[in-house]
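One letter stands for each residue in the lines below.
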Amino acid sequence: MKLGIVGLPNVGKSTLFNSLTKAGAESANYPFCTIDPNVGIVTVPDERLKKLGDLYQSKKVTPAVIEFVDIAGLVKGASKGEGLGNQFLSNIREVDAIVHVVRCFEDSNIVHVDGNINPVRDIETINLELIFSDIEILERRIAKTSKGARMDKNLAKELKLLERVKLHLEDGKLAKTFTLEDEDEELWFKEYNLLTAKPVIYAANVAEDDLAEDGAGNTFVQEVRKNAAQEECEVFVICAQIEQEIAELDEEEKAMFLEELGLKESGLEKLIKASYSLLGLISYLTSGEDETRAWTIKRGTKAPQAAGKIHSDFERGFIRAEVVNYQDLLDCGSLSAAKDKGLVGLEGKEYVVKDGDVILFRFNV
């Protein structure tokens, strides 16, 4: 999974990126300090893996990972070259979802690029810049498609779609609200990789005092939640500054620190839950002496396609899957004990994989 981080300058974007990835991107109290896109890989916390690894005495435990891409802060008029322009948006066109960091805290020491705190205005500013960037992409595609559209019915049909989507965006609407009419349009639309078609998770960045209540008493957070509900987006509350402190601690210290703050989980864990929920993702597990590993798949994936995540040969030569629930396996203490209790299923090609399934695939190529 790949997530792109966007936001205005000085909203806590790079501070959040640093704390999530411990990558040390430059972070300072002035706009445009992130000049090049920063990329960081984060492992997905999953307590099931350690327990399974211990059970099988695995030589290696491999969690699922998320790739974060952080780009320079956007300002109003970025599409016209204001600030650093929107030259870095191309770096997040390939992401699965966008994490939009919104400032929901007052601090006279940290300047706001527009002079005051107004989350809804900030969201609209970023959305508008993403729309302008998408229109540029469509204009290039229209110019290319127009050349052959007179002689080719297919290209003529695509050209009509391009023009409809462009009008939709010029109306100030996001690409995700555009209605597609058939399979051809769905395939073309996917190819355009429009930023405003991507799912969005809003990270409401608050002061430490608002963290324990999950931003319940913060009017700025309420505005973000209201806006997100209209867009059908996920929201999570975070204090980027606190996340940076958590990032420096080991697991034991982190647990104590979170408890002192009255928190059950870190911002990273909140973000991972929100992104898995938004993208409809789950994890299944494989375990053995060599390796215990988590594999991320779409909810509703059938066994052969899940096997294909490991290797295409597994999908091609799929015979069956031995499946046991993670908790059942731990409770029984071994796979053979779980089999004796009838808790291991032999599943075929139509089996839909569930979160927490521990699977052994049988295949023949």
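Colleague: Go over the side chain of glutamate 322 with me, naming the residues and quoting the values.
Modeller: Mapped onto the elements of the fold, glutamate 322 is located in strand β10 (residues 318–325). Residue class for glutamate 322 comes out buried when judged on its relative accessible area of 7%. Separated by 3.1 Å, the side chains of glutamate 322 and arginine 362 make a polar contact. Here glutamate 322 is in contact with Leu335, Lys339, Val344, Gly345, Leu346, Val358, Ile359, Leu360 and Arg362, once residues within four sequence places are set aside.

Colleague: Explain the layout of surface pockets to me, using residue names and the numbers behind them.
Modeller: Size it by volume and the largest pocket reaches roughly 1100 Å³. Val44, Pro45, Asp46, Lys254 and Glu269 are, among the 42 residues lining the largest pocket, the residues nearest its centre. Those elements giving two or more residues to the lining of the largest pocket turn out to be α1 (13–21), β2 (38–43), α2 (47–56), α7 (240–247), α8 (251–261), α9 (267–279) and β8 (281–287). Within this model, the second largest pocket holds a volume of roughly 620 Å³. Elements supplying a minimum of two residues to the lining of the second largest pocket: β4 (65–70), α5 (183–192), α9 and β9 (291–298). Of the residues forming the lining of the second largest pocket, the biggest block, five residues, is contributed by β9. Residue composition of the lining of the second largest pocket, grouped by class: 15 nonpolar, three polar and eight charged.

Colleague: Please provide a residue-by-residue account of a negative patch on the surface, values included.
Modeller: Together, Asp250, Glu251, Glu252 and Glu253 make up a negatively charged patch on the protein surface. On the basis of relative accessible area, glutamate 252 is assigned to the exposed category, the value being 62%.

Colleague: Break down the packing of helix α3 (residues 119–149) against helix α6 (residues 219–231) for me, citing the residues and quoting the values.
Modeller: Packing of α3 against α6 leaves a shortest axis separation of 9 Å and a crossing angle of 45°. Relative to α6, α3 is oriented oblique. Contact residues: Pro119, Val120, Ile123 and Asn127 in α3; Phe220, Glu223, Val224, Asn227 and Glu231 in α6. Residue composition of the contact of α3 with α6, grouped by class: five nonpolar, two polar and two charged.

Definitions and cut-offs
Residues numbered from 1 in each chain as written. Predicted model: local features only at pLDDT ≥ 70, side-chain atom pairs only at ≥ 80, totals over all residues. Heavy atoms only, no water. Helix = DSSP H or I, 4+ residues; strand = E, 2+ residues; numbered from the N terminus. Buried < 20%, exposed > 50% of the residue type's maximum accessible area, 1.4 Å probe, protein only. Polar contact = N/O pair within 3.5 Å; in protein donor to acceptor, adjacent residues only side chain to side chain. Contact = heavy atoms within 4.5 Å. 1 Å grid on protein atoms, 1.4 Å probe; cavity = no way out; pocket = protein on both sides within 12 Å on 5 of 7 lines; lining within 4 Å. Points joined across faces, edges and corners; volume = space filled by probe spheres on them. Nonpolar A, V, L, I, M, F, W, Y, C, P; charged D, E, K, R; others polar. Patch = residues over 30% accessible without salt bridge, like charges linked within 9 Å, V, L, I, M, F, W, Y side chains within 5 Å. Areas by Shrake-Rupley, 256 points an atom, 1.4 Å probe, with all protein chains shown as cover. Salt bridge = Lys/Arg side-chain N within 4 Å of Asp/Glu carboxyl O. Lys, Arg positive; Asp, Glu negative; His and termini not counted. Charge placed at Lys NZ, Arg CZ, Asp CG, Glu CD. Axes fitted to C-alpha atoms, helices over the stretch in contact; angles between N-to-C directions. Parallel < 35°, antiparallel > 145°, perpendicular 65-115°, else oblique.

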